[in-house]
Structures are given as C-alpha cells and as structure tokens.
There are 2 protein chains.
Amino acid sequence: MEYVFSDRISTLKPSAIREILKATSQGDVIPFAAGNPAPEAFPVEDVRRLSAEIFADDPITALQYGISEGYTPLRQVVFADMQKRFGVGTADDDIIITSGAQQVVDLTAKVLLNEDDVVICEAPSFIGALNTFRSYKARLVGVDVEADGMDMDKLEATLRREPGAKVIYTIPNFQNPSGVTMSWAKRQRLYELAKQYGVMVLEDNPYGELRCRGEDVPAIKTLDKDGIVIYSGSFSKILAPGIRVAFTIAPKSVIAKMTVGKQASDVHTACFNQMLVYRWMTECDYLGHIAKIRDNYRERLDLMCGLIDEKWGDFVTYVRPEGGLFIWCELPERVDMLGFCRAAAERKVAVVPGTAFLMQPTDTTQCIRLNFSTPTREGIVKGMEILGEMKKDY
Amino acid sequence: MEYVFSDRISTLKPSAIREILKATSQGDVIPFAAGNPAPEAFPVEDVRRLSAEIFADDPITALQYGISEGYTPLRQVVFADMQKRFGVGTADDDIIITSGAQQVVDLTAKVLLNEDDVVICEAPSFIGALNTFRSYKARLVGVDVEADGMDMDKLEATLRREPGAKVIYTIPNFQNPSGVTMSWAKRQRLYELAKQYGVMVLEDNPYGELRCRGEDVPAIKTLDKDGIVIYSGSFSKILAPGIRVAFTIAPKSVIAKMTVGKQASDVHTACFNQMLVYRWMTECDYLGHIAKIRDNYRERLDLMCGLIDEKWGDFVTYVRPEGGLFIWCELPERVDMLGFCRAAAERKVAVVPGTAFLMQPTDTTQCIRLNFSTPTREGIVKGMEILGEMKKDY
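Residues numbered from 1 in each chain as written. Chains lettered and ligands numbered in written order. Predicted model: local features only at pLDDT ≥ 70, side-chain atom pairs only at ≥ 80, totals over all residues. Heavy atoms only, no water.

1. Section: the interface of chain A and chain B
Every contact between the two is made by 72 residues of chain A and, on the other side, 72 residues of chain B. Each partner contributes to the roughly 6,100 Å² buried at the junction of chain A and chain B, and carbon and sulfur atoms together form 60% of this total. Joining chain A to chain B, the criterion identifies 2 salt bridges. Remark: the boundary between chain A and chain B carries 31 residue pairs in polar contact (both at pLDDT 80 or more). Elements represented by at least two residues in the side of chain A that touches chain B include exactly α1 (7-10), α3 (44-57), α4 (59-63), α6 (102-112), α7 (127-135), α10 (252-265) and α11 (271-283) of chain A. Per element, the largest residue contribution to the side of chain A that touches chain B is 8 residues, and it comes from α10 of chain A. (Contact = heavy atoms within 4.5 Å. Buried area = accessible area lost by both parts, 1.4 Å probe. Salt bridge = Lys/Arg side-chain N within 4 Å of Asp/Glu carboxyl O. Polar contact = N/O pair within 3.5 Å; in protein donor to acceptor, adjacent residues only side chain to side chain. Helix = DSSP H or I, 4+ residues; strand = E, 2+ residues; numbered from the N terminus.)

As structure tokens, then:
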C-alpha cells in the first residue's frame, strides 16, 4: 500500500543531521552529541528504598488508573516547593504533572496553536521543542540569541512584524544549545513585550537547578501578574529522565485545557513514577542531592572548558556557560561545519551540527554543540584531544 | 487575559455527561460508571519482586533516557508473543511501545490525519478515542453496531459516500461501550472493504484477553497481507493501567512515522515501567495470571447479568457480553435516559449516559453503560437493587 501520511508528520523528515547522529550511536563513540544526565547523578539508593516502600504501602494506587491532572500529593508538594524556592506560581495558577517536559511543549501547542500560527523561538533552540511545534504545523520564527539571551530589539521587531504570533518559547537558563542564560533585564523586557503584544510565554526550565557558578536569575514566571506565562519544570535532570515526570505551572484556565488535552494524549502520567518523585521530595534530602549534582557538573564543565581553551583556544569561540549540560562552539568561517562533524564522527567523536537547532532547513551556522554530562571524564579528555588534533586540517 | 485557545481543544467541551460523572465521583457512590480493572486483579506480589530486582540489577537502564521505539527486549518479547498466540504481526510489521493504548490512537491520528479528514467509528464507541480524533479536528462518521459488530452494509455505504475517509476505528472484542464482539465473517468483510476503498484500519484490542465465554475470534490484523491494519494492544487490563504501557504492531513505515510522532509527544515511555512488563512476561506465569483474571471477571459478569435479568428483566434489553468490562443496557422509549442517569446519581449509583459514546452532540440513544469490574461484589448487588427499584418510577 502507498501510505499517505499527514502533512504535519511529513514535515518531520529525517535529515542529514540525523544521519550523522546515527553513525555515532555505536558504543565506542565518545558521546559529545548526547544530552543524558551523568549516570552517577541518579539517586539509585533512594529509588531502591522508595520503590520498595511504595509497592509495600500503597500498591493499588501505584497500579490503578490515576487522574489526568496527576497525583494530588505530588502536585501539592511541587507547587509549594516552586513557590517557596523560586516564587513561581500564584493563586491564579494551577499545576499538572506531565510525561516529561516534552509533553509540556506538546500540550502548550495543542491548546494554543492552530495550523500556521507563529511561534517565536530563540535561534538556535532545542530541536525537540521545534519538532513538536512543527508537528502542529506552526510557523517558527527565530530571534537571535546573544551572550545574555534573546536579542530583545529583534524580538520587538518580530512581534511587530508578526501580529498573529501566539507563543514566545524560551529556555532562559543554560539554554539548549547555546548554554546562554537570559539576564534579568531581558526577562523583564520579554515579559513586558509579551504582555504588550498579547502573546503567551512558554518558559522551559529543565536545566535551572544545574547552576555551577553565579547567582540564580528569577524566572520570567515570577513577573506573571497577567497570567501569560506557562512555566515548565522537570525531574529529568535532577532525579532521572527515564521515569518521565515533569510538570507545568500555568494560569488555571490554561491548565484546565491542558488537562483535557492530556486526557486525549496519554490519559495520565504513570502513577508509580509520580509517587516515587513525591516520596523523594518528602522523605529524602533532595536539595542535598541537587547540590551534589551541581558539584559533579561543575567539575565536568571546568574540565571541558579547560580543554577547549587549551586545545581549541585559537580555533573556536564560545560563551562559557554558568551551568546546564551544553557548550556551543563557533568554528572559523573557513571551516565547513557539517564536514567537520562528519570528520569527527569518523574519528569516533559525536558532536551535533548547529543547523539541527535552527528554524529553517536553509538557515546556516558555524556552531556545533558539545555535551559534557554524558561522556566519562576520560571520554572528555580523549574526545577533546581528538577534536584538538582535527584543527590542523583546517 | 482573554485566552484564545486552539480550535482543536475548543471542540472538547465539558458536557452534561461530565457533570453527571463529576457528581458521582464521591467515595460513597457505587461506580458502575468507571472502567477500572478490579484491584484484586493486579499481580502485586510479582510487581514487588520484579521492581526490587530491576533496581538491584539494572538501575541505570531504568532511570536513564530510552529510545522512542521502546525497550528493545520488551518489543521483541511482545512481538513474538503476539505472533505465537494470536498470529498478529508479519515480517513487514514492526512494534513500538506506547504510554497506554490511548497514545496509539493519538499517534495514529498524528501520522494519518489532516484536519477535516474522516474517521469511521462504531456508533457507539469509546469516548476517549473519539475525543482524541476530535483533538485532531477529524470528522467522525458513525456506523451502527449490531449484536455481532459493525453493520457492514452501512460501512460499505459510508465508504462509498465518504471517499476521503482515512481510518476505520474498531474495538472488535467486547467493544466499549456495547460489549459486542465482531464476528469472523464481519472481520473478513471489514478487511476487504478497507482494502477496496484504500482506508487504514485501527484495531483497538484492550479487552481481547478478558474473554469469559466462547472462543477467541482471530484479529483483523491476522488478515493483513496488504499492510493496512494498525493493531493496538495494552497491558492495562491484564497487568495494571497505572504503569501506562501498551504497544502497537503496524506496517514498518507507519511505525517509523509513529516513532517520530512519539518523540515529539513524550520522547519515550518510562523505562522502569517497560522493564517491569518485560520481566513479568519472561519471569512470571503471566498466562496463569490472565486465566485468573478471566475467572474473576466471569464471576462478576455472571453476577451482574443475573441481577439485571432478575431486577430489570422487563425493563431493559441488552446483548450479554462474552467478556470485557461493560454491559450496554437499552432503556424503554418512555424513559428520559439522561434524567434516569441523573436520578441514579442522586441515589448514589453512577452509570454513564450512552450519549457520551456517540459521534455528534445531537445524536440520541436510550442506552446506558454499566461496568462490573470496578465495584465490589457487594456494590454490584446493592447498586442493582437500587437501579431495580427505580424502574417503578417509569
């Protein structure tokens, strides 16, 4: 049979990038292309104990159907924690638990976007979110990212040019892929612009807890007196991604629509997984665990940046991230970026070509994305040696 | 702020039905309106042991990111099991693991449907699936269900009238809500019609293993020489719904697109949950467990049907199901069906008004849906006594 697929799914074509990544998925490849948390960052002992407790104390709740909003005790404790620690969430907001933060992007698109609606994204931005917006046939419009976040003059110009824009999508902390953190001044301006132009903001913050240096910058959501910010947080980077538990805090009527949307997507997030997070937050020293992860990632980030400076100091330029998982390196103009990624793959080092993170297939960049949480420390050293040597071919 | 939601989500409005169900969600209500498996049907001891094993033997696989297709050992064992036990799945098919069978409907819609495309459904049909199709702005066209399944002459007439139809959606075994099982002759005819008119079939089979009487009827998918059937199976009713693990077996190119779609929805189904199902299938007597569930549900079905015959013999008509979870009762013409459901709710018995399962808000029915897996045996007896007494008001 000749299959006729939907227009939406046909826009998500396998790309040259995917092919490069495929070629580097073998076990002997140094995975600078991945985005996995370091396995030693998982609280395995806690998880062992808590899962035994859950299936001893309350197995039926863990195994029976749950409600689409999520496990009520988890919703309450996360909401209270986000209010207390970050000032996120007001009396006009509500929370639902999602199957990973990817689902927050999906539900945002589902409840807000009609086909051809405009989503304004940072350029570059997270490929997973871009593909979700594409799967709703949204039109992606990019705004350049500077060393302190999105270029606000360009954002304003874009809002003026695109009066039908529905959502501004931003990753304000340790942005994927650029590693950049948006300044407080820019967050305030972004909020004011969104308000002025009647556009919702999706503030995606999976990496916010992974700060290695400097001071936290308050979330855009802390400014939300007008009910225009959808805040997305995740347990993937601080507990474990394989459990697929994240959440969104947003205005009540948005959450109500998202709940209807979630019911049509996957009914609810798995109960055991939500109970595990709840017990972790209420019975374990989760703040102590987050502090340990930060120490781990600080050491890895310093190792990687030190090696980039040493091996590539005269070759690439980059903004040193204050946290997160990624470093975004710009190759010299003379270098064929895609060819460089291919050559690295042949030498068993996987990096992501920066074009993966752009809005249009015709957009170009000299940047590549490196990850320092997935490889071992030895892998970081060996991988940077190999990349360093490649320099002399250009 | 005045929120402007997407057209797709605005079509999913809270309805009179939802209000009735809400009024009956209190703890003291007899839940004939639910669809939960009986809690005593969960293999709690197995789950306890297996979860301890998983977090002892292989915690990192359980906690780290997985691939969108699903946990490879689970995919292999389910595919082999489905081939061996049911003849489902050929060399041209592939399998992905999904977050519940609701996600199979969602992914089918995502990869096959453009807005306004027609989906042909049994009338009545599962409200969850109907809402998912609605969330893609599909146009639902119903074909009446008879005592042996969809009316095939009407299906053919519908296919002739709707040349752009993309999908026929069917629940062939113990259909939700009608309880009806499609005959083998009708399955063959449905397949031939789908082939002739170039329409894909979504065969949703969450209840197939819950047969209490009679012989299994082969799946439509066993006829699939042409690559037109998407088969959906689930562990919700035989292991536990709270873990949210289901699967779909479909032609390879459809699965490839679904995988891209799933990546944009929730990246992958939680790893621990998939590993749990894998170990349950390979280390436990899962066929013995399924046999026990069937015994449990046979007893409940017989209890409920006996009471309906006794208390309501001269009041309702129904087709006695050979399995599944639901009984579909038709009230006399003189009875106001919605009013009856409201009156039952006031007497603390929750039933679902049949209009919930129809395509259009203007469609009418005299039927209500009763569930016998969620209430206790005492609840079944007490609930049917109350419903029986209500008869004299009409």
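2. A look at the nonpolar core
Within the largest apolar cluster, 92 residues are counted, with the highest numbers of intra-cluster contacts made by F32, F133, L155, W312, I368, L370 and L387 of chain A. If you tally residues by element for this core, the top one is helix α12 (residues 286-312) of chain A, at 8 residues. In terms of nonpolar packing, the next biggest core, distinct from the first, is built from 91 residues, A129, M200, L301 and V316 of chain B among them. (Core = buried A, V, L, I, M, F, W, Y, C linked by side-chain atoms within 4.5 Å. Buried < 20%, exposed > 50% of the residue type's maximum accessible area, 1.4 Å probe, protein only.)

3. A short note on the relation of the copies chain A and chain B
Between chain A and chain B, the superposition needs a rotation of 180° and an axial shift of 0.0 Å, giving an RMSD of 0.0 Å. Seen this way, the second copy is the image of the first under a two-fold rotation axis. Ranked by how close their C-alpha atoms come to the rotation axis, the residues of chain A are headed by A52 of chain A, at 3.3 Å. Interface residue correspondence from chain A to chain B reaches 100%, placing this contact among same-surface, isologous pairings. (Least-squares fit on C-alpha atoms with pLDDT ≥ 70 in both.)

4. So, the packing of helix α5 (residues 72-86) of chain B against helix α11 (residues 271-283) of chain B
Residue and element names in this part refer to chain B. Across the interface, α5 lies against α11 with an axial gap of 9 Å and an inter-helix angle of 45°. Looking at the two axes, α5 sits oblique to α11. Where α5 crosses over α11, the handedness of that crossing is left-handed. For the pair formed by α5 and α11, the contact residues are P73, L74, V77, V78 and D81 on the first element and Q274, V277, Y278, M281 and T282 on the second. (Axes fitted to C-alpha atoms, helices over the stretch in contact; angles between N-to-C directions. Parallel < 35°, antiparallel > 145°, perpendicular 65-115°, else oblique. Left-handed = near helix turned anticlockwise from the far one by under 90°.)

5. Focus: the confidence of the model for chain A
Residues at a pLDDT of 70 or more form 97% of chain A, whose mean pLDDT is 95. Here the predicted complex carries an ipTM of 0.97, next to a pTM of 0.97. (pLDDT = per-residue confidence, 0-100.)

6. Side note on empty space enclosed by the protein
Counted by the stated rule, this structure contains 4 cavities of 30 Å³ or more. Counted as a void, the largest cavity has a volume near 100 Å³. Along the wall of the largest cavity there are 16 residues; nearest its centre are S99, R244 and A270 of chain A together with S99 and A270 of chain B. Looking at the lining of the largest cavity residue by residue, the class counts come to 4 nonpolar, 8 polar and 4 charged. Reported here for the second largest cavity is a volume of approximately 60 Å³. Contributing to the lining of the second largest cavity are R8, E115, S135, Y136 and K137 of chain A together with R8, E115, S135 and Y136 of chain B. For the lining of the second largest cavity, the residue count by class is 2 nonpolar, 2 polar and 5 charged. (1 Å grid on protein atoms, 1.4 Å probe; cavity = no way out; pocket = protein on both sides within 12 Å on 5 of 7 lines; lining within 4 Å. Points joined across faces, edges and corners; volume = space filled by probe spheres on them. Nonpolar A, V, L, I, M, F, W, Y, C, P; charged D, E, K, R; others polar.)

7. Examining the side chain of D81 of chain A
Residue and element names in this part refer to chain A. Tracing the backbone through its elements, the reader meets D81 in helix α5 (residues 72-86). Polar contacts involving the side chain of D81 include one to the side chain of Y286, which spans 2.3 Å. D81 has contacts with F86, M281 and Y286, leaving out every residue within four places of it along the chain.

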